[in-house]
Every structure is written in C-alpha cells, then in structure tokens.
Amino acid sequence: MKALRKFSPPATLLKPTARAVLGRVKTSYPRIQHLLVPLDFSGKSRQALRYAVPLAEKFSAKIHLVHVLPPVKKKAEDDPTRLRHKAMRRLQAMASLLLAPNFQTENLVLTGDPARQILSAAEKIDADLILITTRGRTGLSRIFLSSTAEHVMRHAKCPVVSIRRQ
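Residues numbered from 1 in each chain as written. Predicted model: local features only at pLDDT ≥ 70, side-chain atom pairs only at ≥ 80, totals over all residues. Heavy atoms only, no water.

Draft legend 1. Representation of unusual backbone geometry within the structure. Positive phi, normally seen in glycine, also occurs at Ser-60, with a value near 55 degrees. One can find Ser-60 in the loop between α2 (47-59) and β2 (62-69). Classification of Ser-60 as exposed rests on a relative accessible area of 62%. Located in the positive-phi region is Asp-126, a residue other than glycine, with phi close to 55 degrees. With respect to the secondary-structure elements, Asp-126 resides in the loop between α4 (114-125) and β4 (129-134). (Helix = DSSP H or I, 4+ residues; strand = E, 2+ residues; numbered from the N terminus. Buried < 20%, exposed > 50% of the residue type's maximum accessible area, 1.4 Å probe, protein only.)

Dropping the structure here:
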C-alpha cells in the first residue's frame, strides 16, 4: 500500500501573513499637487505659508494664494477695481518675497463672504489641501463671532490644516 501523503492545500487557499501582504503592496501617500493658502495680509496669516512651503517642497506642489475682499457697498469711497488691483499687487509681492518661483501659480483676489469664496476657490483650482490660520476663539466668542476657518473646515471637500495664530 502506498504511504499516504500529507495533504497541503494550494497556496491560494493559505491565509497570507501580514509580512507577505505588505511585501506585495506598495505603500503610498496622498498626492498633493495644489495647496490653497488664504491670506488677509496680516502678519499672522503669513504663518500658513511657513507650513505650506515645506509641504510644497516635499510633494512638488503648487501654492495658490487667495485674498477675499469684503462685499462692495454702494457708498464705498474706494473703487472696487482699484482695490482688486491693489490686493493683487500685494499678493504678487508677498509671493515673490516668500515663495520660490517654482511653487507659485495664479493668485486670486475674490469679493464676497470669505468662507464661501475660499471654498469656491478650492473647488476651482481642485485644491488637495487648504492651509488656513485661525484665531482660536473658544466659548461664547466662538459662538457669536463666526469663524471663517471653522466654516471652511466644516464644508471643504478637501483636507484643511488649521494653524492657530500666535
């Protein structure tokens, strides 16, 4: 009589070990190609650029700067077109001063509600990440004074990094 051989199931039926699976799967990280940085021209809002530049270097991403002007009032003393050009010149000056040329892309100056305009700009440029500064209000002041950063964090379709102003 033939000796019974020990049965071994096919390799496809064996439960793979964690090491075997990780050996076949390439670990990857999210692709970040477009960073959106909203600025209000305060010194504190520039802190977001301190975080955006190393990320752009790491991922070879482009940095988009956006500034939102308040809605135009009918009795405004300043011409809205002149305000837009002035804001655009300030954005371009800030970009040339703080960003390397290979990270810069189009800068946007928008008019309206800041949170909504930031969200629409993020969709327009297909932003992968928004870096925004926040004042870090708590308690009743947070409830009564709505936060642009909080609205952006709640409604953005991409991840948002909130940087507390110091």
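From this point, the narrative continues.
Draft legend 2. View of a positive patch on the surface. On the surface, a cluster of positive charge is made up of Arg-46, Lys-86, Arg-89 and Arg-90. Examined against the element boundaries, Arg-89 turns out to sit in helix α3 (residues 80-98). (Patch = residues over 30% accessible without salt bridge, like charges linked within 9 Å, V, L, I, M, F, W, Y side chains within 5 Å. Areas by Shrake-Rupley, 256 points an atom, 1.4 Å probe, with all protein chains shown as cover. Salt bridge = Lys/Arg side-chain N within 4 Å of Asp/Glu carboxyl O. Lys, Arg positive; Asp, Glu negative; His and termini not counted. Charge placed at Lys NZ, Arg CZ, Asp CG, Glu CD.)

Draft legend 3. Spotlight on helix α6 (residues 148-155). Within α6, the full set of buried residues consists of Ala-149, Glu-150 and Val-152. Viewed along the axis of α6, the buried residues span an arc of 160 degrees, placing them on a single side of the element. (Arc of directions from axis to C-beta.)

Draft legend 4. Structural detail: the pattern of salt bridges. Evaluated as defined, the whole model comprises two salt bridges. Glu-123 is paired through a salt bridge with Lys-157; the nearest N and O atoms lie 3.6 Å apart. Of this pair, Glu-123 sits in helix α4 while Lys-157 is found in the loop between α6 and β5 (160-164), placing the two residues 34 residues apart along the sequence. No difference in accessibility class separates Glu-123 from Lys-157, as the two residues are exposed. Between Arg-154 and Glu-150 there is a salt bridge, with its nearest N and O atoms 2.9 Å apart. Separated by four residues within a single helix, Arg-154 and Glu-150 lie in helix α6, roughly one turn from each other. Owing to a relative accessible area of 59%, Arg-154 belongs among the exposed residues under this scheme.

Draft legend 5. Representation of the confidence of the model for the protein chain in the model. Looking at the protein chain, the pLDDT average stands at 78 and 72% of residues meet or exceed 70. Of all helices and strands in the protein chain, the one with the weakest mean pLDDT is helix α5 (residues 139-144) (46), whereas α4 scores best (94). Contacts of residues 139-145 to residues separated by more than four positions or lying in other chains number four contacts, the stretch itself having pLDDT below 50. (pLDDT = per-residue confidence, 0-100. Contact = heavy atoms within 4.5 Å.)

Draft legend 6. Local environment of the nonpolar core. In terms of nonpolar packing, the biggest core is built from 25 residues, with Leu-35, Val-37, Leu-49, Ile-63, Leu-65 and Leu-131 touching the most fellow members. At the level of secondary structure, the elements contributing two or more residues to this core comprise β1 (34-38), α2, β2, α3 and β4. Among the elements that line this core, the one with the most residues is α2, at six residues. Setting aside anything within four residues of it in sequence, one finds Val-37 in contact with Ala-48, Leu-49, Ala-52, Ile-63, His-64, Leu-65, Val-66 and Leu-131. Residues Leu-36, Ala-122, Ala-127 and Val-160 belong to the second largest nonpolar core, which totals 18 residues. (Core = buried A, V, L, I, M, F, W, Y, C linked by side-chain atoms within 4.5 Å.)

Draft legend 7. Representation of α3 in the model. Spanning 19 residues, α3 covers 27 Å between terminal C-alpha atoms, matching the ideal 27 Å at 1.5 Å per step. Those residues of α3 that are buried lie in contact with α2, β2 and β3 (108-111). (Expected span 1.5 Å × (residues − 1).)

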